[in-house]
Amino acid sequence: MWNFLAPPAHKPEQTGPEADARYKKLRWQVFLGIFIGYTGFYVVRKNFSMAIPMLEPFGFEKGELGIVLSMNAIAYGFSKFIMASISDRSNAQRFLPLGLFMAALSMLFMIVPIQWIGADHKALAITLMAALNFLVGWFNGMGWPPCGRVMTHWFSIKERGTWMSFWNCAHNVGGAMVGPMAVYGALWFGSWFYGAHADYYFLIGTFAFPAAVATLIAIIAYSMIRDTPQSCGLPSIEKWSGVAAKHYSEKAEEVLSTKEIFKTVLSNRFLWYIALANAFIYMVRYGCLDWAPTILTEKGIDIKSAGWAYFAYEMAAIPGTIICGWLSDKVFNGRRALPTIIFMLLVAVAIVIYWQFLDNINVVIGCLIAIGFLIYGPVMLVGVQALDLVPKNAAGTAAGLTGFMGYVLGTALLANIVIGYVAQAVGWDWTFVVLLIGCLMAIFFMGLTYREEQYLAKQK
């Protein structure tokens, strides 16, 4: 397996106008490859949540299905860190499609415990569903790290914010496809497999159709992605662009051992600062998103309006992310801390207004749009900053550490468990206080990296 994933050897370096034109063309090609590829991961990521309403009539209960659902997030958080260390020593052209294909295969097999085992053997069915959803989450963790590897090798430190802001929209595109695919997959292909048994059609739309689409996307991504410029006979991005991080050296082009990668990442205190900042950013992100429908319906706002507020929150992320990334490159000269701090301050302002006008649906939706617009930029910039703070040969693991802290500490523990118990014990007012504390903690830890980035302001 390691020979299959091993990075390709560097080829003799080409120079001149033809090499320059080829460099520009390949940059666009690999960017589209990782954009399309990462979109595919979201096509087979959280499909199980779409199936839950259809599974209850089969005899499965919400609590049991909730356990299955939780396996995805837990696996993803750990995988994004652990598999990243393998990604840093692998060929991105092969690593990403392999992860996507395995995620699709795991999703496809979800049909087995539902159709052929069923609630008559509930313990076995739930165990198998949980194991498969864990695998879906684990293989999904193979998506971000190779994309980060590609970004560090093909795009310079002063342009990554812009390029990654556009690339980051891939998860919005992929996530938006899941609902329509579930509907039309069942409609178009359900009868082919189940004839008159319409109650099984959802298995095709929710699991089989997305798995087939994701497999096709994996093939497309493989045909477009290239590991490094040097593997294509081109110079490093630092040599080609004339811009380099202050820690850059020729050693950054070498493949490190797992021990060297973890030593490089875990000994970097600035990386720990942004990882902690990311935990609080994720706490605010999912604290606002996941609890919005509950807060609004308890305040007497109808579920349809709450659903539109949820939708508006997600859609506002796309322009907000792009603007934040562009500002970090063009206005702040590749620095990430200051735009993140500014955006999180504005998030805190929107949360205060949201809190004080909970009974006014128009103000609430406006605030959720503002929070969605503002919060996803910092989410994206933390990933970019992780790539900036370490050598290229450890970039995936660095981003994996921030992702682990975001999903496990920020989302599972703080956003889901802590906020849930705070709301239950002392009410929603204190929930908003906790969210504001999260904003301040994110700003504090991000502020600790401010001085580390100041050299970029002096580079031309």
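Refer to the preceding data block for the structure.
Now for a quick tour of the structure.

Turning next to the overall build of the protein chain. From N to C terminus, the protein chain includes 20 helices and 0 strands. Relative to the compact-globule value of 23 Å for 460 residues, the protein chain shows a C-alpha radius of gyration of 22 Å, a close match. Seen through its principal axes, the protein chain has C-alpha atoms that stretch 65 × 50 × 35 Å. Residues classed as buried in the protein chain amount to 56% of the 460 residues present. Accessible area for the protein chain stands at about 18,800 Å²; split by element, carbon and sulfur atoms hold 68% of it. Of the charged side chains in the protein chain, 32 are positive and 26 negative; the average position of the first set lies 9 Å away from that of the second.

Attention now goes to the nonpolar core. Nonpolar side chains in soluble globular proteins tend to end up buried together. Counting 142 residues, the largest nonpolar core has I351 and Y354 as the members making the most contacts within it. Of all the elements, helix α14 (residues 269-298) adds the most residues to this core, at 16 residues. I351 has contacts with V284, C288, I371, F432, L435, L436 and C439, leaving out every residue within four places of it along the chain.

Counted by the stated rule, this structure contains 3 cavities of 30 Å³ or more. The calculated volume of the largest cavity comes to roughly 210 Å³. Every residue lining the largest cavity is counted, 21 residues in all, and those nearest its centre are K80, W144, N168, Y282 and V379. Elements with a contribution of two residues or more to the lining of the largest cavity: α2 (17-43), α4 (62-87), α9 (160-167), α14, α18 (361-389) and α19 (395-426). Sorting elements by how many residues they give to the lining of the largest cavity places α18 first, with 5 residues. When its residues are assigned to classes, the lining of the largest cavity shows 13 nonpolar, 6 polar and 2 charged.

Considering only enclosed or pocket space, the second largest pocket measures out at about 230 Å³ in volume. Contributing to the lining of the second largest pocket are 13 residues, with L108, I111, F193, I204 and A208 lying nearest its centre. Put simply, the parts of the chain that give the lining of the second largest pocket at least two residues each are α6 (111-117), α10 (170-194) and α11 (201-224). When the residues that make up the lining of the second largest pocket are grouped by side-chain class, the tally is 12 nonpolar, 1 polar and no charged.

So, about a nonpolar patch on the surface. Taken together, the side chains of I74, F78, I82, F134 and L135 make up a nonpolar region of the molecular surface, amounting to roughly 380 Å² of accessible area. Looking at the nonpolar patch, the elements that each hand over two or more residues are α4 and α7 (122-140). Sorting elements by how many residues they give to the nonpolar patch places α4 first, with 3 residues. Examined against the element boundaries, I82 turns out to sit in helix α4.

Parameters and conventions
Residues numbered from 1 in each chain as written. Predicted model: local features only at pLDDT ≥ 70, side-chain atom pairs only at ≥ 80, totals over all residues. Heavy atoms only, no water. Helix = DSSP H or I, 4+ residues; strand = E, 2+ residues; numbered from the N terminus. Rg over C-alpha atoms; globule rule 2.2 N^0.38 Å. Buried < 20%, exposed > 50% of the residue type's maximum accessible area, 1.4 Å probe, protein only. Areas by Shrake-Rupley, 256 points an atom, 1.4 Å probe, with all protein chains shown as cover. Lys, Arg positive; Asp, Glu negative; His and termini not counted. Charge placed at Lys NZ, Arg CZ, Asp CG, Glu CD. Core = buried A, V, L, I, M, F, W, Y, C linked by side-chain atoms within 4.5 Å. Contact = heavy atoms within 4.5 Å. 1 Å grid on protein atoms, 1.4 Å probe; cavity = no way out; pocket = protein on both sides within 12 Å on 5 of 7 lines; lining within 4 Å. Points joined across faces, edges and corners; volume = space filled by probe spheres on them. Nonpolar A, V, L, I, M, F, W, Y, C, P; charged D, E, K, R; others polar. Patch = residues over 30% accessible without salt bridge, like charges linked within 9 Å, V, L, I, M, F, W, Y side chains within 5 Å. Salt bridge = Lys/Arg side-chain N within 4 Å of Asp/Glu carboxyl O.

What is shown is where atoms sit, not what they do.
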